[in-house]
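# Inside the fold
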Amino acid sequence: MALYSARGLWHFLDSPEILATTSKLGFGWHGLDMQHGLWSEARIISVLATAPGGNIAVRLRSGSYADIGFALDAGAAHIIVPMVNTAEEAREAADAARYAPHGARSWGPMNALFGEPVLTPQEANDRLHLSAMIESAEGLENLEAILGVAGINSVFVGPVDLAMSLGTDVDSLLAAKDSPLAFIAKTCHDRRIEVGAFAGSSSRASAFEALGYDWVATATDMGLLKAGAAQVLES
C-alpha cells in the first residue's frame with residue numbers, strides 16, 4: 001500500500017490556518033519544511049497537536065539526534081532527514097528515530113505533557129516512517145548502501161541540490177536520457193522501497209511521475225498564493 005496518494009503540497013509558511021485550509025483541497029499529503037521554511041519548533045508542536053498526522057511529513061533542519069528526537073516527540077509520524085550522503089549517516093538517523101531495542105531514541109513524548117494518550121515504544125517504532133533525502137552526488141553514489149540500512153523506509157529526492165551537485169539543473173536532469181532521477185526510482189523500487197521528490201510545479205510533478213516516483217510535492221503554499229493573486233489580477 002502506498003504511503004500517500006501521489007500529489008502533495010509543500011509548506012514554507014508556518015501557518016496552521018493555511019495547512020487547515022489546504023488540507024481540504026484534495027492534496028494527498030503535506031510537507032512542513034523546517035530546514036528552508038519558517039516552521040519553528042513551537043509552531044510544529046502546535047500543528048501536530050491538533051492536525052491529523054497521517055498525511056503530514058516534517059522535513060527536519062538536520063539529521064542530528066536532537067532534531068530527530070524533537071520532531072518525533074512533538075508527534076510527527078513521518079520525518080524527512082536532509083542531506084543523507086552515506087550509509088553511516090542513514091544508520092545514525094535510523095538509530096536516533098527508534099526506541100530500544102531497535103535504536104537509541106530518548107523517551108519524552110510531548111503529548112504526555114498535555115494528558116493525551118501516549119504510544120508505547122513499540123507502537124511508536126511501528127508507526128514511524130523515515131525518509132532519507134538524496135540530494136548530492138555523494139548520496140547518489142551511495143544510494144544502494146543507504147537503502148540497505150535497516151529503518152530507512154523511503155527516499156525523498158531534493159532535485160535542486162542534486163542537480164547543482166552534478167553540475168546541471170533540474171529540468172536537464174529530468175530530461176536526460178539516462179537520468180540519475182530514473183536510476184534512483186528504479187533502484188528504490190527494485191528493493192520495494194518507495195521514492196518521493198520535491199517538484200514544485202505540476203509539469204515537474206508529471207515528469208517525476210513518468211519516471212516512477214510514488215509521491216511528489218507538486219506545489220508550495222507560496223506558489224499557490226502567487227498563482228491565485230496573478231489569476232485575480234488578470235481577470
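Below is a short write-up of the structure. (Residues numbered from 1 in each chain as written. Predicted model: local features only at pLDDT ≥ 70, side-chain atom pairs only at ≥ 80, totals over all residues. Heavy atoms only, no water.)

### With respect to the overall build of the protein
When its secondary structure is counted, the protein shows 12 helices and 8 strands. Radius of gyration (C-alpha) of the protein: 18 Å, near the 18 Å computed for a compact globule of 235 residues. Across its three principal directions, the C-alpha atoms of the protein cover 50 × 45 × 30 Å. Here the protein, with 235 residues, has 46% of them falling under the buried criterion. In the protein, of all internal contacts separated by at least 6 residues, the share reaching a separation of at least 24 is 60%. Total accessible area computed for the protein in this model is approximately 11,000 Å², and 56% of it derives from carbon and sulfur atoms. Where the 15 positive side-chain charges of the protein centre and where its 27 negative ones centre are 4 Å apart. (Helix = DSSP H or I, 4+ residues; strand = E, 2+ residues; numbered from the N terminus. Rg over C-alpha atoms; globule rule 2.2 N^0.38 Å. Buried < 20%, exposed > 50% of the residue type's maximum accessible area, 1.4 Å probe, protein only. Contact = heavy atoms within 4.5 Å. Areas by Shrake-Rupley, 256 points an atom, 1.4 Å probe, with all protein chains shown as cover. Lys, Arg positive; Asp, Glu negative; His and termini not counted. Charge placed at Lys NZ, Arg CZ, Asp CG, Glu CD.)

### Things to note about the sheet that holds strand E7 (residues 194–198)
Sheet strands pair by backbone hydrogen bonding; their relative direction is either parallel or antiparallel. Pairing is parallel in the closed barrel, where 8 strands are placed in the order E1-E2-E3-E4-E5-E6-E7-E8. For this sheet, the mean angle separating the axes of adjacent strands, direction not counted, is 25°. As judged from the 4 bridges shared by strand E4 (residues 78–81) and strand E5 (residues 129–134), these two strands associate in the parallel manner. For Val81, the partnering residue across the bridge sits in E5 and is Ala132. (Pairing = 2+ DSSP bridges. Axes fitted to C-alpha atoms, helices over the stretch in contact; angles between N-to-C directions.)

### Re unusual backbone geometry
For residues other than glycine, phi is negative in most cases, and the peptide bonds are mostly trans. Omega for the bond connecting Ala100 with Pro101 falls within 30 degrees of zero, at 10°, which places this linkage in the cis form. By secondary structure assignment, the location of Pro101 is in the loop between helix H4 (87–97) and helix H5 (121–127). Positive phi, normally seen in glycine, also occurs at Arg192, with a value near 60°. By the secondary structure assignment, Arg192 is in the loop between helix H10 (180–190) and E7.

### Some thoughts on the packing of aromatic side chains
This model, assessed by the stated rule, comprises 10 aromatic pairs. Between Trp10 and Trp29 the ring centres are 6.3 Å apart and the planes differ by 80°, which places this aromatic pair in the edge-to-face class. One end of the pair, Trp10, is in strand E1 (residues 7–11); the other, Trp29, is in strand E2 (residues 29–33), with 19 residues separating them in the sequence. A relative accessible area of 0% places Trp29 in the buried class. Ring geometry for Tyr99 against Trp107: centres 5.2 Å apart, planes inclined by 45°, an arrangement best described as tilted. (Phe/Tyr/Trp six-rings, centres within 6.5 Å; stacked < 30°, edge-to-face > 60°.)

### Here we look at helix H3 (residues 65–74)
Of all 10 residues making up H3, 8 are buried, and the element is well covered by its neighbours. Within H3 the residues assigned to the buried category are Asp67, Ile68, Gly69, Phe70, Ala71, Leu72, Asp73 and Ala74. Note on H3: the residue one or two positions beyond its end, Gly75, has a positive phi of about 120°.

The values reported here are purely geometric and, on their own, carry no functional implication.
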